[in-house]
Amino acid sequence: MKKGWGGGGGGGEMTRRYWNITLKEILMAGVYWGNPPKKWNPKMAPYIYGTHKRKGIHITNPFISARFLSEACNLVFAAASRGNQFLIVGTKKRAANSVARAAKKARCHWVNKKWLAGMLTNWSTTKTRLRKFWDLRREQKTGRLNRLQKRNAAVRKRQLSRLQRYLGGIKYMKKLPDIVIILDQHKDYKALRECITLGIPTISLIDTDCDPDLADLPIPANDDSIGTIRLILQKLVFAICEGRSNYIRNP
């Protein structure tokens, strides 16, 4: 972990909890499967247990994965206890629904379709797009869209549909997020770079072909497995929800 996370979070009792992360569920979710050695990033060497003889792919150390996931849960719990806001980024098609469900449950913002360039680094433009989104929503709710000429109404409805698709998960985001959770370093590299540019702390899944130095808190894991993504989201969301509950009790 390289950047600051906004303070100590209220002491060891608040930040250190037992998240019931078992080796069995790590193995059952296939968290440990990596990529062929020819695709590996040498920086991942400390996290790799060995190579599967039959499949010829790297295997990450499941004990290290469990430890880093536990550390990530501690961090998001402490951050949520302070009222911090999270953005979950996972634009892989198979994971899109899981990302939206998890984010809604934890009252987080999310991007699960496509990362629009400058979404964070050009925040003023993003805010303008969000205002346009809310204006169109208002026109739709009040019935004004239906009173427009057919052609104009069709144009506005297409605009609304596009904005909903790409910005629907951040429609309530009033400011830059405090922490960003990235589920695929390669696919969502633009999002990661924007966070690095802005100094926003990141928690990122890192497969054996990833660069662990780019994430503030890396979690060695199979980013191609929907089971892995769901397990990690489940643990992080539970920790965030627990932290939010703590914040409500002790504002």
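Keep in mind it's a predicted model, so treat the numbers as computed, not measured.

Whenever I open this one, the domain arrangement of the protein confuses me. Can you help?
It is common to give the size of an interface as the accessible area that goes away when the parts come together. Each domain of the protein was delimited in the assignment, giving domain 1 (23-120 + 176-249) and domain 2 (123-168). The straight-line distance from the C-alpha centre of domain 1 to that of domain 2 is 32 Å. The interface is formed by 7 residues belonging to domain 1 together with 6 residues belonging to domain 2. Roughly 770 Å² is buried in total at the junction of domain 1 and domain 2, and carbon and sulfur atoms are behind 59% of that figure. Ranking the residues of domain 1 by area buried against domain 2 places K113, L116 and M119 at the top, with a combined share of 55%. Where domain 1 packs against domain 2, one counts 0 salt bridges. Here domain 1 and domain 2 share 2 residue pairs in polar contact (both at pLDDT 80 or more) between them.

Hey, could you run me through the pattern of salt bridges in this one?
Opposite charge on two side chains permits pairing when their charged atoms draw close. Taken as a whole, this structure holds 8 salt bridges when the rule is applied. Its salt-bridge partner being D184, residue K92 comes within 2.7 Å of it at the nearest N-O pair. Highlighted residues: K92 in the loop between strand 3 (86-89) and helix 4 (96-106) and D184 in the loop between strand 5 (179-182) and helix 8 (189-198), separated in sequence by 92 residues. When sorted by exposure, K92 lands in the same class as D184, which is buried. Between K92 and D224 there is a salt bridge, with its nearest N and O atoms 3.4 Å apart. Separated by 132 residues along the polypeptide, K92 in the loop between strand 3 and helix 4 and D224 in the loop between strand 7 (217-220) and helix 9 (226-249) bring together distant segments of the chain.

Is there a simple way to explain the nonpolar core in this structure?
Burial of nonpolar side chains together is a common tendency in soluble globular proteins. The biggest cluster of nonpolar side chains holds 47 residues, and the ones touching the most others in it are F86, I88, L183, I203, L236 and I240. Only helix 3 (62-81), strand 3, helix 4, strand 5, strand 6 (202-206), strand 7 and helix 9 provide two or more residues apiece to this core. Examining the composition of this core, we find that 11 residues originate from one element, helix 3, more than from any other. For I88, the residues in contact, after removing those within four places along its chain, are V99, A103, C108, H109, W110, V111, I181, L183 and L233. In this structure, M119, F133, L160 and I182 belong to the second largest nonpolar core, which totals 24 residues.

What is the right way to read the pairing of strand 6 from this model?
On a regular strand, each side chain points to the face opposite its neighbour's, so the side chains alternate between the two faces of the sheet. Counting buried positions along strand 6 yields 5 of 5 residues, so the element is predominantly enclosed. Judged by which residues are buried, strand 6 turns out to be covered on both faces: T202, S204 and I206 on one side and I203 and L205 on the other are all buried. Alignment of strand 5 against strand 6, held across 3 bridges, turns out to be parallel. Opposite V180, over in strand 6, you have T202 as the bridge partner. Traced from strand 5 through helix 8 to strand 6, the parallel crossover comes out right-handed. In terms of strand pairing, strand 6 meets strand 7 through 4 bridges, oriented parallel. Counterpart to S204 in the pairing with strand 7 is P218.

Help me out: how do you make sense of unusual backbone geometry in this one?
Both trends apply: most residues other than glycine have a negative phi, and most peptide bonds are in trans. Backbone geometry at N20 places phi at a positive 55°, although glycine is not the residue there. In this structure, R107 takes a positive phi of about 55° despite not being glycine. One can find R107 in the loop between helix 4 and strand 4 (109-111). Take R107: its relative accessible area is 52%, and that puts it in the exposed class.

Is there a simple way to think about the environment of A45 in this case?
With respect to the helices and strands, A45 occurs in the loop between helix 2 (23-28) and strand 1 (48-51). Residue class for A45 comes out partly exposed when judged on its relative accessible area of 38%. Distance in space between the C-alpha atoms of A45 and K92 is 26 Å, their sequence separation being 47 residues.

In this structure, what is going on with helix 4? I would like to understand it.
Every α-helix carries 3.6 residues per turn, so stepping three or four residues along brings you back to the same face. Along helix 4, the residues that are buried comprise A96, S98, V99, A100, A102, A103 and A106. R107 sits one or two positions beyond helix 4 and adopts a positive phi of about 55°.

Analysis parameters
- Residues numbered from 1 in each chain as written.
- Predicted model: local features only at pLDDT ≥ 70, side-chain atom pairs only at ≥ 80, totals over all residues.
- Heavy atoms only, no water.
- Domains from an automatic or database assignment.
- Contact = heavy atoms within 4.5 Å.
- Buried area = accessible area lost by both parts, 1.4 Å probe.
- Salt bridge = Lys/Arg side-chain N within 4 Å of Asp/Glu carboxyl O.
- Polar contact = N/O pair within 3.5 Å; in protein donor to acceptor, adjacent residues only side chain to side chain.
- Helix = DSSP H or I, 4+ residues; strand = E, 2+ residues; numbered from the N terminus.
- Buried < 20%, exposed > 50% of the residue type's maximum accessible area, 1.4 Å probe, protein only.
- Core = buried A, V, L, I, M, F, W, Y, C linked by side-chain atoms within 4.5 Å.
- Pairing = 2+ DSSP bridges.
- Right-handed = clockwise from strand over helix to strand, strands pointing away.

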